[in-house]
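The chain contents come next:
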Amino acid sequence: MKITEIFASREVTVSLELFPPKPGAGFGNMKKIVAECAALSPSFISVTCGAGGGGSQNTLDVVREVQASGVVGLEHLVAMGLTREELLRGLDELRTHGIVNIMALRGDFPPGVSENTGDFRYASDLIVEIKAQGDFCVGGACYPEGHPEAETAQRDIENLKIKVAAGCEFLTTQMFFDNNILYNFMYRFLKSGIDVPIIAGIMPVTNAAQIDRIFKLSGAPVPPRFKAIVDRFSDNPKAMRQAGIAYATEQIIDLIANGVNNIHIYTMNKPGIAGSIMGNLSEIFK
């Protein structure tokens, strides 16, 4: 099933994100994580490309495991360093395994590299080629805070319009911790005439070790309310976990109450945390 068909069939969707194991790490634990996530009955599960050191083959293997569990899988493809020949081989393999949903991303520049060395400079270039090669459902990324490389917020919106014109059918946001930032972004987004579904990306921050890395990675400012939680509970792991789950739960309730009906949880491969949030929202996610 295509993800766009899922959106059309459900008023509220909740999806989960996993990252593949590092090369040589083995696949046994990953099977367990996928099974536990599948048991939560998400709308779909996306698998990142190379996060935590995993490669594209590991990503494909995890997506295959997701689909074998009965859940729709979404494979991430990164333009950075990718040749057209590699892409065509990869798309053939996806077709062979019945994978039709792709998240097309530019990817981050490696240290010391300032330009894309592959055949696809931007995610929009990758999307055009994917759509030309078959009936794939393709999504992309967006940044409620504005893309860090965009000169202005308006330029960022214009770049999103290019991505959508290229064939992008839905957009998943980078993590954010202040819903007002998303609402302001969506106002500009809709005013510009872009009408593809937005999936709100929520990152439960449940331990102090995550905090600096997550906020550096996302570029998101720390809302005062969240900072107060961190200051109070970061030295108490059980309390911080509970507070992080509660904060993410409240974010999602507010989003759905305000008409943002597609939610994406960045699980960090921790099904228990995703399960706690989904359990808190069991009636809302029906």
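Check the entry above for the structure.
Source: prediction; values computed, not measured. (Residues numbered from 1 in each chain as written. Predicted model: local features only at pLDDT ≥ 70, side-chain atom pairs only at ≥ 80, totals over all residues. Heavy atoms only, no water.)

K.L.:
Which residues make up the side chain of S15, and what values do they have?
P.N.:
Its location among the elements puts S15 in strand β1 (residues 13-18). Among the polar contacts made by the side chain of S15, one reaches the side chain of H264 at a distance of 2.6 Å. Ignoring any residue separated from it by four or fewer positions in sequence, one finds S15 in contact with P42, F44, I199, I263, H264 and I265. (Helix = DSSP H or I, 4+ residues; strand = E, 2+ residues; numbered from the N terminus. Polar contact = N/O pair within 3.5 Å; in protein donor to acceptor, adjacent residues only side chain to side chain. Contact = heavy atoms within 4.5 Å.)

K.L.:
So what's going on with the nonpolar core? Which residues, and what values?
P.N.:
By size, the foremost hydrophobic cluster in this structure holds 62 residues, and its most contacted members are L126, I130, L171, F185 and I252. Contact partners of I130, with chain neighbours within four places excluded, come to L77, L87, L91, I102, A104, F136 and V138. Residues M203, V205, I211 and Y266 belong to the second largest nonpolar core, which totals 13 residues. (Core = buried A, V, L, I, M, F, W, Y, C linked by side-chain atoms within 4.5 Å. Buried < 20%, exposed > 50% of the residue type's maximum accessible area, 1.4 Å probe, protein only.)

K.L.:
Lay out the environment of L60 in plain terms, naming residues and giving numbers.
P.N.:
By the element assignment, L60 lies in helix α3 (residues 56-68). Given a relative accessible area of 3%, L60 falls into the buried group. Expressed as a C-alpha distance, the spacing of L60 and T48, which sit twelve residues apart in the sequence, is 9.6 Å. Apart from residues no more than four positions distant in its own chain, L60 is found in contact with E75, E93, L94, H97 and I99.

K.L.:
Now, about the pairing of strand β4 (residues 101-105): what can you tell me, with residues and values included?
P.N.:
Burial of β4 is extensive: five of the five residues sit out of reach of the surface. Going residue by residue along β4, you find N101, M103 and L105 tucked away on one face and I102 and A104 tucked away on the opposite face as well. Here four bridges tie strand β3 (residues 73-78) to β4, and the two strands are oriented parallel to one another. By the bridge assignment for β4, L77 is matched with A104. Where the polypeptide runs from β3 across helix α4 (residues 84-96) and back to β4, its parallel neighbour, the crossover connection is right-handed. Taken together, the three bridges between β4 and strand β5 (residues 137-142) define a ladder with parallel strand orientation. (Pairing = 2+ DSSP bridges. Right-handed = clockwise from strand over helix to strand, strands pointing away.)

K.L.:
So what's going on with the sheet that holds strand β2 (residues 45-47)? Residues and values would help.
P.N.:
Taken together, eight strands build a closed barrel; the order of strands is β1-β2-β3-β4-β5-β6-β7-β8 and the barrel is parallel. The mean inter-strand angle of the sheet, taken between neighbouring strand axes irrespective of direction, is 30 degrees. For strand β6 (residues 170-173) and strand β7 (residues 198-202), the ladder comprises two bridges, and the chain directions are parallel. Opposite T172, over in β7, you have I199 as the bridge partner. (Axes fitted to C-alpha atoms, helices over the stretch in contact; angles between N-to-C directions.)

K.L.:
So what's going on with the packing of aromatic side chains? Residues and values would help.
P.N.:
Scanning all chains against the criterion turns up four aromatic pairs. Between F7 and F170 the ring centres are 5.9 Å apart and the planes differ by 80 degrees, which places this aromatic pair in the edge-to-face class. Here F170 lies in strand β6 and F7 lies in helix α1 (residues 3-9), a separation of 163 residues in the sequence. We classify F7 as buried; its relative accessible area is 12%. Ring centres of F226 and Y247 lie 4.9 Å apart, and the angle between their planes is 75 degrees; this geometry places the pair in the edge-to-face category. Here Y247 lies in helix α10 (residues 237-257) and F226 lies in helix α9 (residues 224-233), a separation of 21 residues in the sequence. Judged by its relative accessible area of 6%, Y247 falls in the buried class. One aromatic cluster is present, formed by F177, F226 and Y247 through successive ring pairs. (Phe/Tyr/Trp six-rings, centres within 6.5 Å; stacked < 30°, edge-to-face > 60°.)

K.L.:
Break down unusual backbone geometry for me, with residues and values.
P.N.:
Despite not being glycine, M268 shows a phi value in the positive range, around 55 degrees. Along the chain, M268 turns up in the loop between β8 (262-266) and α11 (271-280). Unusually for a residue other than glycine, N269 sits at a positive phi of about 60 degrees.

K.L.:
I'd like a rundown of the packing of α4 against helix α5 (residues 123-132), residues and numbers included.
P.N.:
The interhelical angle for the contact between α4 and α5, taken along N-to-C directions, is 45 degrees, at an axis separation of 11 Å. Judged by the inter-axis angle, α4 sits oblique to α5. When you trace α4 past α5, the crossing you get is right-handed. Residues R84, L87, L88 and L91 of α4 form the contact with α5, whose own contacting residues are L126, E129 and I130. In terms of residue class, the contact of α4 with α5 is built from five nonpolar, no polar and two charged. (Parallel < 35°, antiparallel > 145°, perpendicular 65-115°, else oblique. Left-handed = near helix turned anticlockwise from the far one by under 90°. Nonpolar A, V, L, I, M, F, W, Y, C, P; charged D, E, K, R; others polar.)

K.L.:
Tell me about α11, residues and numbers included.
P.N.:
For an α-helix, the turn length of 3.6 residues means that residues three or four places apart are oriented alike. Taken together, the buried positions of α11 are P271, I273, A274, I277 and M278. Viewed along the axis of α11, the buried residues span an arc of 165 degrees, placing them on a single side of the element. Those residues of α11 that are buried are in contact with β1, α2 (28-38), α10 and β8. (Arc of directions from axis to C-beta.)

K.L.:
Please provide a residue-by-residue account of the pattern of salt bridges, values included.
P.N.:
On inspection of all chains with the given rule, the structure shows ten salt bridges. Here K2 and D135 are joined by a salt bridge, their closest N and O atoms 2.6 Å apart. Linking K2 in the segment before α1 with D135 in the loop between α5 and β5, this pair joins segments that are 133 residues apart in sequence. What makes D135 exposed here is its relative accessible area of 59%. Of the charged contacts in the structure, one is a salt bridge between K131 and E169, with a shortest N-O distance of 2.8 Å. In this pair, K131 is assigned in helix α5 and E169 in the loop between α6 (153-166) and β6, connecting sequence segments 38 residues apart. A residue is classified by how much of its surface remains accessible, and E169, at 22% relative accessible area, is partly exposed. (Salt bridge = Lys/Arg side-chain N within 4 Å of Asp/Glu carboxyl O.)

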